[in-house]
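Below are the chains, spelled out letter by letter.
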Amino acid sequence: MRKEARERIAHTRKLAIEYMNPLTEIILIAVVTAIACALPGVFLVLRRMAMVSDAITHTVLLGIVLAFFVVRDITSPVLAIAAAAAGVATVALIELLHRTERIREDAAIGLVFPFLFSIAVILIARYAGNVHLDVDAVLLGELAFAPLDRYTLGDVDLGPRALWLMSGILLMSLLLLLLFYKELKLATFDAALAAALGFAPAALHYGLMSVVSLTAVGAFNAVGSVLVVALMVAPPAAAYLLTDRLSHMLVLSAAFGALAAILGCLAAFALDASLAGAMAVVTGLIFGAAWVFAPERGLLAQALRYARQRQEFAQAMLLVHLLHHEATPQEAVECDPSHLNEHLRWDAAFTAQILRRAEQRGLLVRQKDLITLTESGRRLAAQTLGGEG
Amino acid sequence: MTSEQPAIQITDLTVAYRDKPVLWDIDLTVPGGVLMGIIGPNGAGKTTLIKTILGLVRPAAGQVLIYGKPYAEQRRLVAYVPQRSSVDWDFPASVLDVVMMGRYGALGWFRRPGKRERELALEALARVGMREFAHRQISQLSGGQQQRVFLARALVQDAQVYFMDEPFQGVDATTERAIVGLLQDLRAAGKTVVVVHHDLQTVTEYFDWVALLNVRLVASGPVAEAFTEAALRATYGGRIAFLEGRLPDAGAGERRTGVVVSS
């Protein structure tokens, strides 16, 4: 009896692993990957190096290929180290080209990474065609298959390799971030002071580039290099619009990355579409939402602010106009509500709106054919004029 | 006033970008406790001189000593205010965050700023009249306010020698006077202050020591001795015109100058 029950439980668990887990596992891998990308991404965005992430995520392939020719093992950790070295070399090469002052940085990026990437593509096509190194997989990743590649210890299933890999990279990022938060903050804001205080900004810079490269290697196994760029740039860029503290920006970026991963995966399951594609689209949508709706820096807030400023200024102009012609022979003409818009060259609706608001605020009184300033309106007009001098 | 050991001693210093010398064979000794202006035309190497002293630019020849030792051993004695435009003021940080960065050197690697650093930063902000801006985002500051924040950041370093690169660049007259007042307070407290400056009109008023620089060091010393018409002509070449009034002769009491530099 008890044996039977135990077997039934074991069977259910097996079913859960086979049918339930892959979806949750995919989401989990996506979330961990997104957070691991968002953290170094914050510093890339703040250092205006977003496009460098694009370069690195491609050129790490060259490191992987070259290392593979040496060790002949696609799962060897040497590949990750070589990939990180390739990423750092890419940044060094871009900076070398840029420093000769013969070429601008954007062009230097555009020269270096396609060159290194295409060497990698040729090497794969020519010498490694039969190995599991597939250019399509590099660009778009195969998140859907990630749960199939698992770590096992004897008979015990330890979970998908990608999850372990990305969790390790995320932990490393978090640890480095905790250790060097202050130093990274200073070196990013004011590299000269960082150097003067002895904080070796160049070492921090290349350390950061190594982390970006390692993250890119780990992530593009799962999600491909195009999505790595989206995950490194879009969540930090959205967070940048919503906060003015570095620590908040890091937390918010991680949250946006995780949100994009979850929503992207669910959308892809529902639509039976590409996981990487759906996640990239969601990161774009999140950034778009922040761009439009951010409370202070968003387009909407800005438009409202401009509209308010325009109204305030129009009201000030109106008050000054009234003050100017108050108790003069032209008063009857200049301060006639029905002709005011002609004098000010405003359209009638706008004039009516400004008049109504000013009246509501008790700045002026509207009679049948004359507008007169109240005491507070007069004071405000005088203040406006005084403030300009 | 001047201690036995000079605050800054520069010997045979040459800095070059490839084969183009930016600073040629500079020998400059600055005693402790002076407020010195580095004066010279654009491209004279004023900023490069400061950056070389701070080890940010590697010299082609020569050496710099701060109180008798290389800069790398004396970092804690030195505070630095870079040009305001050298940083991105849209960086996500508050005024307090930026001022606390001045304490990072004393904290060293790994240690985080805490309550003490916070208090020191607030104190420094009060000294520059920016206490109530402590929690303001730095992108919301005016040019003069940004400069005050940078000054506060240097103050919390609690250094012996202060280097400031164009602290009056693009600030209003009120801020300029406030900053000058602070610099003079620092000198009164026995600190050495070195300021890159390019307004000749105010040199005699602000500084007691001066270095005239145009790739080579033309003159240096107390303002009354070194800031002469001949030295200015040698520094600025033909691009200078002397208007009414005269430059101070050595020991002259009245120091009203009318100098313009035509560019």
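Predicted model, so just to flag it, every value in this text is computed and none were measured.

A. Structural context of the side chain of A:Ser253. All names here are of chain A. Here Ser253 is to be found in helix α9 (residues 246-271). On the basis of relative accessible area, Ser253 is assigned to the buried category, the value being 0%. Only 2.7 Å separates the side chain of Ser253 from the backbone oxygen of Met249, close enough to count as a polar contact. Residues in contact with Ser253, not counting those within four places in the same chain, are Ala38, Val42, Pro235, Pro236 and Ala239.

B. Inspection of the packing of helix α6 (residues 161-189) of chain A against α9(A) at higher detail. Residue and element names in this part refer to chain A. In the contact formed by α6 and α9, the axes pass within 12 Å of each other and the chain directions differ by 130°. The angle between α6 and α9 places the two elements in the oblique class. Relative to α9, the crossing made by α6 is right-handed. Contact residues: Leu177, Tyr181 and Lys185 in α6; Leu246, Ser247 and Leu250 in α9. Across the contact of α6 with α9, the residue classes tally to 4 nonpolar, 1 polar and 1 charged.

C. Geometry of the interface of chain A and chain B. With 29 residues of chain A at the contact, the number on the chain B side is 34 residues. Where chain A touches chain B, the interface holds 3 salt bridges. Across the pair B:Asp97 and A:Lys185 runs a salt bridge whose closest N-O atoms are separated by 3.5 Å. Where chain A meets chain B, there are 14 residue pairs in polar contact (both at pLDDT 80 or more). Listing elements by their share of the side of chain A that touches chain B, those giving two or more residues are α6, α7 (191-196), α8 (201-242) and α9 of chain A. Considered class by class, the residues forming the side of chain A that touches chain B number 18 nonpolar, 2 polar and 9 charged.

D. Quick look at the sheet that holds strand β5 (residues 78-81) of chain B. Residue and element names in this part refer to chain B. The mixed open sheet is built from 6 strands, whose spatial order is β5-β6-β7-β3-β8-β9. The strands lining the two open edges of the sheet, one partner per strand, are β5 and β9 (216-222). In this sheet, neighbouring strand axes are inclined to one another by 15° on average, regardless of whether the strands run parallel or antiparallel. The pairing of strand β8 (residues 209-214) with β9 spans 6 bridges and is antiparallel. Paired with Ala211 across the two strands is Ser220, which belongs to β9.

E. Seen up close, the domain arrangement of chain A. Domain assignment breaks chain A into domain 1 (2-295) and domain 2 (300-384). Computed from C-alpha coordinates alone, the two centres of domain 1 of chain A and domain 2 of chain A are separated by 58 Å.

F. Region of the structure containing the packing of aromatic side chains. Under the definition given, this model contains 11 aromatic pairs over all chains. With 6.2 Å between their ring centres and 50° between their planes, A:Phe68 and A:Phe69 make a pair best called tilted. Residue classification places A:Phe69 among the partly exposed residues on the basis of a relative accessible area of 23%. Each ring, one from B:Trp109 and one from B:Phe110, has its centre 6.4 Å from the other, and the planes form 50°; the classification is tilted. According to the relative accessible area criterion, B:Trp109 is partly exposed, its value standing at 34%. Within the aromatic cluster, the residues linked to one another by ring pairs are A:Phe180, A:Phe199, B:Trp109 and B:Phe110.

G. Broad picture of helix α5 (residues 143-155) of chain B. Residue and element names in this part refer to chain B. A rise of 1.5 Å per residue sets the reference length of α5, with its 13 residues, at 18 Å; its end C-alpha atoms lie 18 Å apart and thus fit the reference within 8%. Within α5, 12 of the 13 residues are buried, which leaves the element mostly enclosed by the surrounding structure. Within the span of α5, buried status applies to Gly144, Gln145, Gln146, Gln147, Arg148, Val149, Phe150, Leu151, Ala152, Arg153, Ala154 and Leu155.

H. View of the confidence of the model for chain A. Summary statistics for chain A give a mean pLDDT of 85 and a share of 92% for residues scoring 70 or more. Helix α5 (residues 135-140) of chain A is the least confidently modelled element of chain A, averaging 62 in pLDDT, while α9(A) averages 94, the highest of any element.

I. The arrangement of the pairing of β8(B) in detail. Among the 6 residues of β8(B), 5 are classified as buried, and the element is accordingly described as predominantly covered. If you look at the hairpin formed by β8(B) and β9(B), you'll find 1 residue sitting between the two strands, and B:Val215 has a positive phi there, around 65°.

J. Layout of the pattern of salt bridges. Per the counting criterion, the structure on display carries 12 salt bridges over all chains. Measuring nitrogen to oxygen at the nearest pair gives 3.0 Å for the salt bridge that ties B:Asp208 to B:Arg187. Separated by 21 residues along the polypeptide, B:Asp208 in the loop between α7 (203-206) and β8 and B:Arg187 in helix α6 (residues 173-188) bring together distant segments of the chain. Judged by its relative accessible area of 23%, B:Asp208 falls in the partly exposed class. Within the structure, one salt-bridge network assembled from shared partners comprises A:Asp244, A:Arg245 and A:Arg297.

K. Just the sheet that holds strand β1 (residues 8-17) of chain B, in detail. All names here are of chain B. Spatially, 3 strands are ordered β2-β1-β4 in an open sheet, and the strand pairing comes out antiparallel. Lying at the two open borders of the sheet, with one neighbouring strand each, are β2 (20-30) and β4 (61-66). Strand-to-strand, the axes of this sheet are offset by a mean angle of 20°, without reference to chain direction. Here β1 pairs with β2 via 7 bridges, running antiparallel. The partner of Ile8 across the bridge, within β2, is Val30. This element, helix α1 (residues 46-53), spans β1, β2 and β4 of the sheet and lies at about 115° to β1.

L. Just α6(B), in detail. All names here are of chain B. In this model, α6 (16 residues) spans 22 Å end to end at C-alpha, consistent with the 22 Å of a helix rising 1.5 Å per residue. Among the residues of α6, Thr175, Glu176, Ile179, Val180, Leu182, Leu183 and Leu186 are the ones counted as buried. One side of α6 holds all its buried residues, which, seen down the axis, span an arc of 160°. More than 90 degrees from the buried face of α6, the exposed residues found are Arg177 and Ala188. Where the residues of α6 are buried, they touch β3 (35-39), α4 (115-127), α5, β6 (161-165), β7 (192-197) and α7. Count one or two residues on from α6 and you reach Gly190, which has phi positive near 90°.

Thresholds, definitions, all that
- Residues numbered from 1 in each chain as written.
- Chains lettered and ligands numbered in written order.
- Predicted model: local features only at pLDDT ≥ 70, side-chain atom pairs only at ≥ 80, totals over all residues.
- Heavy atoms only, no water.
- Helix = DSSP H or I, 4+ residues; strand = E, 2+ residues; numbered from the N terminus.
- Buried < 20%, exposed > 50% of the residue type's maximum accessible area, 1.4 Å probe, protein only.
- Polar contact = N/O pair within 3.5 Å; in protein donor to acceptor, adjacent residues only side chain to side chain.
- Contact = heavy atoms within 4.5 Å.
- Axes fitted to C-alpha atoms, helices over the stretch in contact; angles between N-to-C directions.
- Parallel < 35°, antiparallel > 145°, perpendicular 65-115°, else oblique.
- Left-handed = near helix turned anticlockwise from the far one by under 90°.
- Nonpolar A, V, L, I, M, F, W, Y, C, P; charged D, E, K, R; others polar.
- Salt bridge = Lys/Arg side-chain N within 4 Å of Asp/Glu carboxyl O.
- Pairing = 2+ DSSP bridges.
- Domains from an automatic or database assignment.
- Phe/Tyr/Trp six-rings, centres within 6.5 Å; stacked < 30°, edge-to-face > 60°.
- Expected span 1.5 Å × (residues − 1).
- pLDDT = per-residue confidence, 0-100.
- Arc of directions from axis to C-beta.

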